[in-house]
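Residue strings, one per chain:
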Amino acid sequence: MGKSKVRNTLHSEAETPADIVFFLADAVGMPKVTMSEVAADLLKIVPDPILAGGFAMAHHGHIRGTIDFDVIVVAPIRSMIEQFVSLGYKHESIRLDIGDLDLLTKGNKGVDFIRLENEAFQKSIEKRAVSGWLYKAQVRYVSLEDMILLKSLAVKGRTGRWDQGDLSALLE
């Protein structure tokens, strides 16, 4: 058996907030699929993704665990969904008050495509998205202001979700 690497802290200077989210997602249990594997599929299939959810929270300085990548839809996604399904992801569509959600899951991880009903809001999110990194790939993240708006919409009528805690952290 090889030697274990000793880490003095969870977050070293070399790590990005996204690295910590990956660690948190894979730390509990024996994952069938790692976030790294899902990230590789995401970056291969989705050109220029705009990330929301847990990874956008981390980008804006509020680190928490997550088991999926939330992607704001700004282009047709049918062929992307087909590519994920061909890699073994299960697909499910859900209608929400603010639009549609296409869930792609593999094991206990996945990618969620969020298609907003309000096209003007979607275009505004796309315009204000900020550049960042996911591994060594450049991606875009939902702006802090738009994260607050999305989380405010998400908490309406829902309890027991990440959204209320996220909204509180963003407003601090």
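It should be emphasised that the depicted structure is a prediction, and the values quoted were computed from it without experimental measurement.

Peer 1: I would appreciate a short explanation of the sheet that holds strand β7 (residues 137-141) in the present structure.
Peer 2: Strand order across the open sheet formed by seven strands is β3-β4-β5-β2-β1-β7-β6, with mixed pairing between neighbours. With partners counted over all chains shown, the strands left at the sheet margins are β3 (90-96) and β6 (130-134), one partner each. On average, each strand axis in the sheet is inclined to that of its neighbour by 35°, with strand direction left out of account. As defined by bridge partners, strand β1 (residues 50-52) adjoins β7 across two bridges and the pair is classed as parallel. In the strand pairing of β7, L51 is matched with Y141. The strands touched by helix α2 (residues 35-45) within the sheet are β1, β2 (68-72), β4 (99-106), β5 (109-116), β6 and β7, with β2 carrying the most contacts at an inclination of about 25°.

Peer 1: Just checking my understanding: could you explain the nonpolar core for this structure?
Peer 2: Soluble globular proteins tend to pack their nonpolar side chains together in the buried interior. Counting 42 residues, the largest nonpolar core has F69, F113 and L134 as its most contacted members. With sequence-adjacent residues up to four places away left out, F113 is seen in contact with V46, V71, V73, I77, M80, I81, F84, D100, L101, D102 and L104.

Peer 1: What am I meant to see in the pairing of β2 here?
Peer 2: Along any regular strand, the residues point their side chains to alternate faces of the sheet. Judged by how many residues are buried, β2 sits mostly within the fold: five of five residues are covered. Side chains of β2 alternate between two faces, with D68, D70 and I72 and F69 and V71 buried alike. Pairing geometry for β1 and β2, over two bridges, is antiparallel. Pairing of L51 across the sheet is with V71, part of β2.

Peer 1: What exactly am I supposed to notice about helix α4 (residues 78-86) here?
Peer 2: One turn of an α-helix holds 3.6 residues; hence residues three or four places apart share an orientation. Of all the residues in α4, the buried ones are M80, I81 and F84. For α4, the arc enclosing every buried residue in end-on projection is 100°, short of the 170-degree limit, so these residues lie on one face. In α4, the exposed positions angled more than 90 degrees off the buried face are occupied by R78, E82 and S86. Packed against the buried residues of α4 are α2, β3, β4 and β5. Just downstream of α4, G88 is the residue with a positive phi angle, here 100°.

Peer 1: Just to check I follow, could you spell out α2 for this structure?
Peer 2: Where α2 is concerned, the buried positions are M35, V38, A39, D41, L42 and I45. Taken around the axis of α2, the buried residues stretch over an arc of 165°, which confines them to a single face.

Peer 1: Mind showing me how you'd approach the packing of aromatic side chains here?
Peer 2: The geometry of an aromatic ring pair is captured by two quantities: the separation of the ring centres and the angle between the planes. This model, assessed by the stated rule, comprises three aromatic pairs. Pairing F84 with Y89 gives two aromatic rings, centres 5.0 Å apart and planes at 85°, and the pair type is edge-to-face. When the ring of F84 is compared with that of F113, the centres are 6.1 Å apart and the planes differ by 70°; the resulting orientation is edge-to-face. Taken together, the residues F84 in helix α4 and F113 in strand β5 connect sequence positions 29 residues apart. Here F84 and F113 have matching classes, each one buried. Cluster of aromatic residues (ring-pair linked, three or more members): F84, Y89 and F113.

What counts as what
Going along each chain's sequence as written, the residues are numbered from 1 onward. In keeping with the predicted nature of the model, local features appear solely for residues at pLDDT of at least 70, side-chain atom pairs appear and are counted solely at 80 or more, and the whole-chain, interface and lining totals rest on all residues. Calculated side-chain values reflect all of the structure's heavy atoms, with hydrogen atoms and water omitted. By the convention used here, strands pair only if DSSP detects at least 2 bridges between them. Strands here are runs of E lasting at least two residues and helices are runs of H or I lasting at least four, both read from the DSSP assignment and numbered beginning at the N terminus. Note on geometry: axes are lines fitted to C-alpha atoms, helical ones only across the stretch in contact, with angles between N-to-C directions running from 0 to 180 degrees. A contact between two residues is defined here by any heavy atoms of the two lying within 4.5 Å. Residues grouped as a nonpolar core are buried Ala, Val, Leu, Ile, Met, Phe, Trp, Tyr and Cys residues, joined through side-chain atoms within 4.5 Å. Three labels apply to residues, based on accessible area from a 1.4 Å probe with only protein chains included: buried if under 20% of the type maximum, exposed if over 50%, partly exposed otherwise in between. To be clear, the arc concerns the directions from the helix axis to the C-beta atoms. Note on ring pairs: Phe, Tyr and Trp rings are taken, using the six-membered ring of Trp, and paired if centres are within 6.5 Å. Classes follow the plane angle, with under 30 degrees stacked, over 60 edge-to-face and the rest tilted.

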